[in-house]
Amino acid sequence: MKRPKLSVVVPCYNEEACLEMLHGRISAAAQAAVGSDYEIVLINDGSRDASWKVMQRLSEGDPRLVAINLSRNHGHQLALTAGLDLCAGDEILIIDADLQDPPELLTDMRAAMKSQGADVVYAVRRKRDGETIFKKITAAFFYRMLDRITDTPIPLDTGDFRLMTRRALDAFLSLPEQARFIRGMVAWIGFKQVPFPYDRHERHAGESKYPLGKMIRFALDAITGFSTAPLRFASHVGLLLTGASALLVLYILIGWLFGAAIPGWTSLMLVVVVLGAVQMFVLGMIGEYLGRLYVESKRRPLYLVADVAGPVLGHASLGY
Ligand code: UDP
Ligand code: MG
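Conventions and cut-offs
- The residue numbers shown here count from 1 along each chain, following its written sequence.
- Numbering of ligands from 1 and lettering of chains from A proceed in the order in which they are written.
- Only residues with pLDDT of at least 70 get local features here, since the model is predicted, and only at 80 or more are side-chain atom pairs given and counted; chain-wide, interface and lining totals rely on the full set of residues.
- UniProt positions are given in the numbering used here, feature names are shortened, and annotations may be inferred rather than shown by experiment.
- The helix count covers DSSP runs of H or I at least four residues long, the strand count covers runs of E at least two residues long, and both are numbered beginning at the N terminus.
- At least two DSSP bridges between two strands are required for those strands to pair.
- Only C-alpha atoms enter the line fits that serve as axes; for helices the fit covers just the stretch in contact. Angles between N-to-C directions range over 0 to 180 degrees.
- Residues are treated as contacting if the C-beta atoms built from their backbones sit within 7 Å of each other.
- Exposure classification rests on a simple neighbour count of other C-beta atoms within 10 Å of a residue's own: a residue reaching 20 or more is buried, one at 12 or fewer is exposed, and one in between is partly exposed. C-beta atoms are placed from the backbone.
- What pLDDT conveys is the predictor's confidence in a given residue, as a value from 0 to 100.
- Defining nearness, a residue is near a molecule or strand when the C-beta atom obtained from its backbone falls within 6 Å of it.
- Here, a nonpolar core denotes buried Ala, Val, Leu, Ile, Met, Phe, Trp, Tyr and Cys residues that are linked to one another through C-beta atoms within 7 Å.

### Section: the UniProt feature "transmembrane region" (unreviewed entry) in the protein chain
UniProt feature "transmembrane region" (unreviewed entry): in the numbering of this structure it lies at residues 237-262 and 268-290. Secondary structure content for residues 268-290 is 100% helix and 0% strand, while the C-alpha to C-alpha distance between its ends is 32 Å.

This is how it looks when you write it as structure tokens:
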């Protein structure tokens, strides 16, 4: 199989308004970087707008464009996985469809890769334009918290926008997990990985496809996928409560010995409420892990492909 020098992989969900511009800018950037030896892999993640139609039309006019239509919305990380499975390039650029990450940085990222002998060049957000204060604060907090509790050092303020070599990608593709936090998984594989600072732009069109619910799920996948600290926390809380209850038993016994009648409703309720809350919380945390264990154990395919437009050079079968 002849590999193109470069694959650009883009997960797309309801991005009809961005696709044309995206295609133009990526094509120009790729052409400037490697000449015509590249492919663009667009993954339609079950969009409900006209994204797939637009992709088909674009692929008719461009032999370097491969469009993949997933059977339904599988979520950003799985859509991206599909693209990474099916792309064929020697170097792989991952980029979002909304042009928040400028494709024009490709040339500089390749230069960084070459000059530093790196396998992964990951783009670090210096600035995030056009995003809500809420998103900026939660994201900043999230990456710092994750850094504290995980054993794998995952770079701060880094999305999936990155350039990888084929050997790094193949290493990444050997990780089979269902709950995928791709930026963490890439950090886990090791090899030489170097940061590339950049300013994140505003979305070209449309709105964020990451509402709060998806953000929380994404964060939970990251935490449970890369750390067992919450489980350890559960046992620490258990230990602490055991100590506290020993003191309480002592206190009750002394009260009983000296015949002090305890009115005690307030303290009783406090203990019931606090213990109940802590137990529920800890159970919930254990449940998060258990649920993921269950999903893993089913060993379902990560995604299913419905249609392909354009040539698929990649080695993987279509996810089945
Ligand atoms: N995306 C996707 N499937 C989804 C949600 C998002 O493929 O279920 C894509 C989306 O089209 C975009 C990328 O993932 O290319 C990042 O999403 P978005 O820009 O909405 O996230 P944000 O930048 O707001 O964090
Ligand atoms: Mg975006």
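### A look at the sheet that holds strand β2 (residues 38-44)
Within a beta sheet, neighbouring strands are joined by backbone hydrogen bonds and run either parallel or antiparallel to one another. The eight strands are arranged β7-β5-β6-β4-β1-β2-β3-β8 in an open sheet whose pairing can be described as mixed. At either margin of the open sheet sits one strand with a lone partner, and together these are β7 (193-200) and β8 (305-309). Pairs of neighbouring strands in the sheet enclose a mean axial angle of 20°, with direction left out of account. Here helix α4 (residues 106-116) sits on the sheet in contact with β4 (91-94), β5 (120-128), β6 (158-165) and β7, set at roughly 160° to β7. With respect to the sheet, helix α6 (residues 166-173) is in contact with β4, β5 and β6, its orientation differing from that of β6 by roughly 120°.

### Side note on the environment of F196
Positionally, F196 belongs in strand β7. C-beta crowding within 10 Å serves as the criterion here: with 21 such atoms nearby, F196 is assigned to the buried category. In this structure the C-alpha to C-alpha distance between F196 and V54, which are 142 residues apart in sequence, comes to 32 Å.

### Section: the confidence of the model for the protein chain
Chain-level statistics for the protein chain give a pLDDT mean of 87 and a share of 96% at 70 or above. Two summary scores accompany this predicted model of the complex, namely pTM at 0.81 and ipTM at 0.95.

### Observations regarding unusual backbone geometry
Of note in this structure, L99 is not a glycine but carries a positive phi near 65°. Mapped onto the elements, L99 comes out in the loop between β4 and α4. Residue L99 is classed as partly exposed on the basis of its C-beta count, with 19 C-beta atoms lying within 10 Å. Positive phi is not limited to glycine here, since F191 has a value of about 65°. Its location among the elements puts F191 in the loop between α7 (182-189) and β7. We classify F191 as partly exposed; it has 14 C-beta atoms within 10 Å.

### Comments concerning the site of ligand 1
Lining the immediate surroundings of ligand 1 are 16 residues, of which P11, Y13, A97, S208 and K209 lie closest. Contributions of two or more residues to the shell around ligand 1 are made by β1 (6-12) and α3 (76-86).

### Some remarks on the nonpolar core
The biggest cluster of nonpolar side chains holds 65 residues, and the ones touching the most others in it are V8, V10 and V41. With seven residues, the top contributor of residues to this core is helix α1 (residues 16-34). Not counting residues within four places of it along the chain, the set of residues in contact with V10 comprises L22, V41, L42, I43, I95 and A97.

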